[in-house]
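Okay, here's what each chain looks like letter by letter:
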Amino acid sequence: MAKEFQVTYDCADPGAQAAFWAEALGYRTQPPPEGFADWTAAWTARGIPPEQHNHRAAITDPDGKGPRVFFQRVPEGKAVKNRLHLDVRAAPGLRGDERMAMLEEECARLERLGAKREYRLEGNDTDEGMIMMTDPEGNEFCLD
């Protein structure tokens, strides 16, 4: 039987990372618990001091198909290349120039949200081509 899982990111600014990735993936920020207008009210009611209100955030797939993505604040910054990264499937089923045009369009949208383009790999007989990017905190991901 398949297990449910979530993807967890260590980061400096969970709220900002959640906002970026919600837009990038078409997800939504996880709403606060029932009875609370927002997360600030929920954290305050739980006795969490204001300076710790941005210590975690999550996003969810509005269709309930994809995994939950959780962001947690950690004290250390990113030091080396990620050992695990997301591939954002921006052009599934497309090939050649049509594929790369779709990837370029998505790359431009994500750059407007704060991502950075690292490099583009052209397609060939065995590989379809992709664009390597980093999110606003420098975590690598691929557009493919």
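Numbers given to residues run from 1 along each chain, matching the order in which its sequence is written. Local features are withheld for residues below a pLDDT of 70 in this predicted model, meaning they are given only at 70 or higher, and side-chain atom pairs are given and counted only at 80 or more; totals for whole chains, interfaces and linings count all residues. Excluded from the side-chain calculation are hydrogens and water; included are all heavy atoms of the structure.

(A) Region of interest: the state of the cysteines. Here, the term disulfide refers to a pair of cysteine sulfur atoms separated by no more than 2.5 Å. Under the counting rule described, the total for this entry stands at zero disulfides. Take Cys 107: it sits in no disulfide, and the sulfur closest to it among the cysteines is that of Cys 142, at 12 Å. Residue classification places Cys 107 among the buried positions, given a relative accessible area of 0%. With relative accessibility at 8%, the residue Cys 142 sits in the buried group. Only protein chains enter the accessibility calculation, which uses a 1.4 Å probe. A residue is then buried if its area is under 20% of the maximum for its type, exposed if over 50%, and partly exposed in between.

(B) Summary view of the pairing of strand E7 (residues 130–134). Under the DSSP-based scheme used, a helix requires at least four consecutive residues in state H or I and a strand at least two consecutive residues in state E, with every element numbered from the N terminus. Burial of E7 is extensive: five of the five residues sit out of reach of the surface. A two-sided burial pattern is seen for E7, the buried positions comprising Met 130, Met 132 and Thr 134 on one face and Ile 131 and Met 133 on the other. Sheet analysis places E7 next to strand E8 (residues 140–143), joined by four bridges and oriented antiparallel. Following the sheet pairing, Met 133 is matched in E8 by Phe 141. Two strands qualify as a pair provided DSSP detects at least 2 bridges between them. Between the end of E7 and the start of E8, which pair antiparallel, lie five residues, with Gly 138 showing a positive phi angle near 90°.

(C) Molecular detail of the nonpolar core. What makes a nonpolar core is a set of buried Ala, Val, Leu, Ile, Met, Phe, Trp, Tyr and Cys residues whose side-chain atoms join them at distances within 4.5 Å. One finds Trp 21, Ile 59, Phe 71, Leu 110, Met 133, Phe 141 and Leu 143 to be the most contacted residues of the largest nonpolar core, which totals 27 residues. Elements with a contribution of two residues or more to this core: strand E1 (6–11), helix H1 (14–25), strand E3 (56–60), strand E4 (68–73), strand E5 (86–88), helix H3 (96–112), E7 and E8. Considering each element in turn, this core owes the most residues, five residues, to H1.

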